[in-house]
There are 2 protein chains.
Amino acid sequence: MRGEHIAIGSEILLGQILNAHARTVSLAFAEQGFFLYYHTAVGDNLDRIANLLRQAGKRSNVIVITGGLGPTEDDLTREAVAQVLGRELHLVPDAVAEIERFFAGRGRPMPEVNRKQAMLIDGGEFLPNPNGTAPGQYVESEGVHYFLLPGPPLEMKPMLDNYVVLRLKQLLPNSSVLVSRTLHFCGIGESTVNEEVIDLLALQNPTVAPLASEGEMLLRITASAATAESAQELIAPLEKQLREQFPKYIYGVDSDSLPSVVGDALRARGATLSAAESCTGGLLSSMITAIPGASQYFFGGVVSYDNSVKSSVLGVSEETLKEHGAVSEEAAREMALGVRSACGTTFGVSITGIAGPGGGTAEKPVGLVYIGLADSDGCDVYRLQLRGSREQIRLRAAKQLLWRLWTKLNH
Amino acid sequence: MRGEHIAIGSEILLGQILNAHARTVSLAFAEQGFFLYYHTAVGDNLDRIANLLRQAGKRSNVIVITGGLGPTEDDLTREAVAQVLGRELHLVPDAVAEIERFFAGRGRPMPEVNRKQAMLIDGGEFLPNPNGTAPGQYVESEGVHYFLLPGPPLEMKPMLDNYVVLRLKQLLPNSSVLVSRTLHFCGIGESTVNEEVIDLLALQNPTVAPLASEGEMLLRITASAATAESAQELIAPLEKQLREQFPKYIYGVDSDSLPSVVGDALRARGATLSAAESCTGGLLSSMITAIPGASQYFFGGVVSYDNSVKSSVLGVSEETLKEHGAVSEEAAREMALGVRSACGTTFGVSITGIAGPGGGTAEKPVGLVYIGLADSDGCDVYRLQLRGSREQIRLRAAKQLLWRLWTKLNH
């Protein structure tokens, strides 16, 4: 198969929206072992769309087109494909009825312009759209398979998964399967990992690709084989080798995240957590509570942005704040112990630092962060010097804390 | 000018990374009144890159290429452009010295492979890269201007802004200027706004484009004129009309955000804020403290995820929790009053609700959220029924609260 994706819409070329569909289609295809060779975006112009389709029809045999199926005059995808294939469009009464039902469900009559969405390319077939008014279309011509999908993501994605990918598997049943497994690293520099795995990056099957992420890094292992099982057999020994090479730093796989693995570890021990945050201002708590079911182990926290809150709510001593300052090992310790005691949890954690861009001094520069981990044995405090923007420093501080907590829970 | 952008890199076609550069280049061009007609992404394959460049050279006269300038064998952009233009590459000793200096600054010798990055297309010129090892290149052939930029965003973006855009303004000085102004709406449905402005969406200059966003919406007004001033004169009456049409819902423009306008309003009044969060779990505080200087008005907050924290830290009565439950008007009121009192601030706000996916009942379904706004006069509580995923409900709840607070501060 030689596939490609074409996004239709002047708003993409104007930079008003990101062409995220290109990635969505690539990922859905790659999971099935299908590859795209081109992504293209083109504006709402009949000649340019048609020219592009002619080129695409010469170099590819599967063409996924997103956008341009709306009811307005700017929506030209149907017309362009029909023109390039030398076919006509015809109105399908059942499709009109379907669109009328969609509007009736919202208590409105169907505007006349929407009839256009019931025009099908001769020889094509409609793809149902339960989430909107624009049905998709599938048409084949001279061995090239065209899939026309609507632009809104909540309409496009289900059609891609439920229809396009399934149809491709029927059309091209002998394709091999591509399986990926992504290992998540934290607490170790990206360049250090890259240098230690440089030989693996040259492998052909499975392949190993480093992916940078904020405050952590990912290694994606991808294997191609006849079945998912044999692809997994290619991945397993490589994963084992990497886990032996980096025993402390691989905290999870695939959809795991630092908050999810910390949550799993807390739940497994029947332990509970509370958090006191200064420079991260609620970000750590927000990341922890983004996981469904976090209420089982996360009792709550205190955002002690002003020193008065550090004293009144967390019980950090005035003396500590005066002598050492709010960004200090002592303050981090008292915050972690204070929030643990106030919330009555197994663990209490704290973050205090200078996220910038203002507020730094020679002695305490922007990026200086102390994190504290308190339990019944006392409190460990770590000093970090982080780089980056305010946003990066906040995120990296929260991730470093979660990684330290995960390490404490697992080793 | 007929411009286009080509992104080089198999990782884009595999869906491993989003092709965000396409949008970045489009936006930088649009600000100067230059338009792109195509975005294309192609993998690290010399033939495919060269074929694409041949097509691009026929249809466009400005081609911006990002990626493929690294030191590895997969980095083929230089070679592909040279091949298509029928030119050779030659080593530039000054560029080697520059790359050596970059490595020396990091205490390392230059690896031999990086010499490749000092290879310049005959007749071309290097574009300096202070942020990395890969210089960019500019070369012109038969009226087509090629700009080769490195892939890493922190290297690409400054080169685009400092070099490519400036050079285009020199090459094509008669272009008109495009100016945009984006109005931010909250508290009103996207479809309501769209219906009320439907006539404006057909305007040609300025144009009006609705942009959906999570929990709010944007209207972007764009005008083209000979100078920035005359473009602004086209935008001003339209903005005035929209502000009269939606006096309560337009909270900001351009880079404004709900947390930033709330912060500005609090600062202007010398007022302070604290927040008690249940279902948002720190997200509201995190959004407020993402703004530099938030410590001037935000004293802190309490994430009262577990009921014990609502009682012990915020003083919500056991009776309220037993009779009405944690997700209730009464609990929201006591949380807002409690955090205001605990932190000693002008305003205290609260959010309590059911973010899902679990935890909903027939009486209190997922998406039910109460928000409270307390000041010295007492506490207003609003009941919301939000739709969407856990992530969307949390974000929409936080934005609704900020919008209510902004309304209170400004009307």
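Note that this is a predicted model, so its numbers are computed, not measured. (Residues numbered from 1 in each chain as written. Chains lettered and ligands numbered in written order. Predicted model: local features only at pLDDT ≥ 70, side-chain atom pairs only at ≥ 80, totals over all residues. Heavy atoms only, no water.)

## What about the packing of aromatic side chains?
Residue and element names in this part refer to chain A. With the rule as written, the count across this model stands at 14 aromatic pairs over all chains. Taking 6.1 Å as the distance between ring centres and 65° as the angle between the ring planes, the aromatic pair formed by Phe 29 and Phe 34 counts as edge-to-face. Look at Phe 29 and you get buried, because its relative accessible area is 0%. Judged by centre distance (6.2 Å) and plane angle (85°), the rings of Phe 102 and Phe 103 are edge-to-face. The partly exposed category is assigned to Phe 102, whose relative accessible area is 21%. On the basis of relative accessibility, which here comes to 10%, the residue Phe 103 falls in the buried class. It is Arg 2 that lies over the ring of Tyr 37; its NZ or CZ is 4.5 Å from the centre. (Phe/Tyr/Trp six-rings, centres within 6.5 Å; stacked < 30°, edge-to-face > 60°. Buried < 20%, exposed > 50% of the residue type's maximum accessible area, 1.4 Å probe, protein only. Lys NZ or Arg CZ within 6 Å of the ring centre and 35° of its normal.)

## Focus: the nonpolar core
If you look at the biggest cluster of nonpolar residues, it comprises 60 residues, and the most contacted ones within it are Phe 185, Leu 242, Phe 246, Leu 284 and Val 369 of chain B. Top element by residues in this core is helix 14 (residues 390–410) of chain B. It accounts for 9 residues. Each of two domains, domain 2 (177–253) and domain 3 (258–410) of chain B, supplies a minimum of three residues to this core. Non-local contacts of Phe 246 of chain B, meaning those with residues more than four positions away in its chain, are made with Phe 185, Ile 188, Val 193, Glu 196 and Val 197 of chain B. Among the nonpolar cores identified, the runner-up in size contains 39 residues, and Ala 265, Leu 283, Phe 347 and Trp 406 of chain A belong to it. (Core = buried A, V, L, I, M, F, W, Y, C linked by side-chain atoms within 4.5 Å. Helix = DSSP H or I, 4+ residues; strand = E, 2+ residues; numbered from the N terminus. Domains from an automatic or database assignment. Contact = heavy atoms within 4.5 Å.)

## Some thoughts on the relation of the copies chain A and chain B
Placing chain A over chain B gives an RMSD of 0.2 Å and needs a rotation angle of 180°, together with 0.0 Å of translation along the axis. With respect to symmetry, the two chain copies, as superposed, fit the operation of a two-fold axis. When the interface residues of chain A are mapped onto chain B, 100% of them again lie at the interface, so the same face is used by both copies. (Least-squares fit on C-alpha atoms with pLDDT ≥ 70 in both.)

## Brief notes about the domain arrangement of chain A
Residues and elements named next belong to chain A. Domains assigned within chain A are domain 1 (3–171), domain 2 (177–253) and domain 3 (258–410). Its C-alpha centre places domain 2 at a distance of 30 Å from the equivalent point of domain 3. Across the boundary between the two partners, domain 2 contributes 11 residues, which contact 9 residues of domain 3. The largest share of the area that domain 2 buries against domain 3 comes from Cys 186, Glu 214 and Tyr 251, three residues that together contribute 61% of it. Our count for the contact surface shared by domain 2 and domain 3 stands at 1 salt bridge. The shortest N-O distance in the salt bridge between Glu 216 and Lys 399 comes to 2.5 Å. Of the residues contributing to the side of domain 2 that touches domain 3, the split by class is 4 nonpolar, 4 polar and 3 charged. (Buried area = accessible area lost by both parts, 1.4 Å probe. Salt bridge = Lys/Arg side-chain N within 4 Å of Asp/Glu carboxyl O. Nonpolar A, V, L, I, M, F, W, Y, C, P; charged D, E, K, R; others polar.)

## Describing empty space enclosed by the protein
A complete count under the given rule lists 3 cavities of 30 Å³ or more for this structure. Computed from the structure, the largest cavity encloses a volume of approximately 50 Å³. Forming the boundary of the largest cavity are Asn 19, Ala 22 and His 39 of chain A together with Asn 19, Ala 22, His 39, Thr 40 and Ala 41 of chain B. Of all the elements, strand 2 (residues 36–42) of chain B adds the most residues to the lining of the largest cavity, at 3 residues. Among the residues forming the lining of the largest cavity, the class breakdown is 3 nonpolar, 5 polar and no charged. (1 Å grid on protein atoms, 1.4 Å probe; cavity = no way out; pocket = protein on both sides within 12 Å on 5 of 7 lines; lining within 4 Å. Points joined across faces, edges and corners; volume = space filled by probe spheres on them.)

## Structural notes on the interface of chain A and chain B
Contacts between the two partners involve 61 residues from chain A and, on the opposite side, 62 residues from chain B. Buried surface at the junction of chain A and chain B, both sides included, amounts to about 4,800 Å², of which 56% is carbon and sulfur. Seen at the junction of chain A and chain B, the total is 0 salt bridges. Linking chain A with chain B are 26 residue pairs in polar contact (both at pLDDT 80 or more). Looking at the side of chain A that touches chain B residue by residue, the classes come out as 31 nonpolar, 20 polar and 10 charged. Where strand 14 (residues 298–304) of chain A meets strand 14 (residues 298–304) of chain B, 5 bridges bridge the pair, whose relative direction is antiparallel. Each residue of the ladder has a partner; that of Gly 300 of chain A, found in strand 14 of chain B, is Ser 304 of chain B. (Polar contact = N/O pair within 3.5 Å; in protein donor to acceptor, adjacent residues only side chain to side chain. Pairing = 2+ DSSP bridges.)

## Re the UniProt feature "domain: MoaB/Mog" (unreviewed entry) in chain A
Under the UniProt annotation, the feature "domain: MoaB/Mog" (unreviewed entry) is placed at residues 4–171 of chain A. The straight-line gap between the two end C-alpha atoms of residues 4–171 of chain A is 16 Å; of that span, 41% is helix and 23% is strand. (UniProt positions renumbered as here; feature names shortened; annotations may be inferred.)

## Considering the packing of helix 9 (residues 258–269) of chain B against helix 14 of chain B
All names here are of chain B. For the pair helix 9 and helix 14, interaxial distance at closest approach is 9 Å and the crossing angle is 30°. Considering the angle they form, helix 9 stands roughly parallel to helix 14. Helix-helix and strand crossings are classified by hand; for helix 9 and helix 14 the assignment is left-handed. On helix 14, the residues that touch Leu 258, Pro 259, Val 261, Val 262, Ala 265, Leu 266 and Arg 269 of helix 9 are Lys 399, Leu 402, Trp 403, Leu 405, Trp 406, Lys 408, Leu 409 and Asn 410. (Axes fitted to C-alpha atoms, helices over the stretch in contact; angles between N-to-C directions. Parallel < 35°, antiparallel > 145°, perpendicular 65-115°, else oblique. Left-handed = near helix turned anticlockwise from the far one by under 90°.)

## Considerations on the side chain of Ser 274 of chain B
All names here are of chain B. With respect to the element layout, Ser 274 can be found in strand 13 (residues 273–277). Among the residues examined, Ser 274 registers a relative accessible area of 0% and is labelled buried. A polar contact is formed between the side chain of Ser 274 and the side chain of Thr 345, at a distance of 2.8 Å. When neighbours within four sequence positions are excluded, Ser 274 is seen to be in contact with Phe 298, Gly 300, Val 339, Arg 340, Cys 343, Thr 345, Phe 347, Gly 348 and Val 349.

## Points about the packing of helix 3 (residues 46–59) of chain B against helix 4 (residues 77–85) of chain B
All names here are of chain B. Here helix 3 crosses helix 4 at 50°, and the two axes come no closer than 9 Å. Accordingly, the angle class assigned to the pair helix 3 and helix 4 is oblique. Relative to helix 4, the crossing made by helix 3 is right-handed. Facing Leu 46, Ile 49, Ala 50, Leu 53 and Arg 54 of helix 3, the residues of helix 4 in contact are Glu 79, Ala 80, Val 81, Gln 83 and Val 84. When the residues that make up the contact of helix 3 with helix 4 are grouped by side-chain class, the tally is 7 nonpolar, 1 polar and 2 charged.

## Side note on the sheet that holds strand 8 (residues 144–149) of chain B
Sheet strands line up and pair through hydrogen bonds in the backbone, either parallel or antiparallel. On the basis of which strands lie adjacent, the open sheet formed by 12 strands has the order 6(A)-7(A)-8(A)-3(A)-1(A)-2(A)-2(B)-1(B)-3(B)-8(B)-7(B)-6(B) and mixed pairing. Two strands bound the open sheet, and with one partner strand each, they are strand 6 (125–127) of chain A together with strand 6 (125–127) of chain B. Taken pair by pair, the neighbouring strands of this sheet meet at an average axis angle of 20°, ignoring direction. In terms of strand pairing, strand 3 (residues 62–66) of chain A meets strand 8 (residues 144–149) of chain A through 5 bridges, oriented parallel. Across the sheet, residue Ile 65 of chain A finds its bridge partner in strand 8 of chain A, namely Leu 148 of chain A.

## So, the environment of Ile 6 of chain A
Residue and element names in this part refer to chain A. As for its position among the elements, Ile 6 is in strand 1 (residues 3–8). Taking the C-alpha atoms as reference, Ile 6 lies 37 Å from Glu 195; in sequence the two are 189 residues apart. When near neighbours in sequence (up to four residues on either side) are disregarded, Ile 6 contacts Thr 40, Val 42, Leu 52, Leu 53, Ala 56, Ile 63, Val 64, Ile 65 and Thr 66.

## Some details on a positive patch on the surface
Taken together, the side chains of Arg 54 and Lys 58 of chain A together with Arg 54 and Lys 58 of chain B make up a positively charged region of the molecular surface. Among the secondary structure elements, those contributing two or more residues to the positive patch are helix 3 (46–59) of chain A together with helix 3 of chain B. Its location among the elements puts Arg 54 of chain A in helix 3. With a relative accessible area of 36%, Arg 54 of chain A lands in the partly exposed category. (Patch = residues over 30% accessible without salt bridge, like charges linked within 9 Å, V, L, I, M, F, W, Y side chains within 5 Å. Areas by Shrake-Rupley, 256 points an atom, 1.4 Å probe, with all protein chains shown as cover. Lys, Arg positive; Asp, Glu negative; His and termini not counted. Charge placed at Lys NZ, Arg CZ, Asp CG, Glu CD.)

## Observations concerning the sheet that holds strand 15 (residues 347–353) of chain A
An order of 17(A)-16(A)-15(A)-13(A)-14(A)-14(B)-13(B)-15(B)-16(B)-17(B) is seen for the 10 strands of this open sheet, with the pairing classed as mixed. A single partner strand is all that each edge strand has here, and the edge strands are strand 17 (378–385) of chain A together with strand 17 (378–385) of chain B. In this sheet, neighbouring strand axes are inclined to one another by 15° on average, regardless of whether the strands run parallel or antiparallel. With 8 bridges joining them, strand 16 (residues 368–375) of chain A and strand 17 of chain A adopt antiparallel strand pairing.

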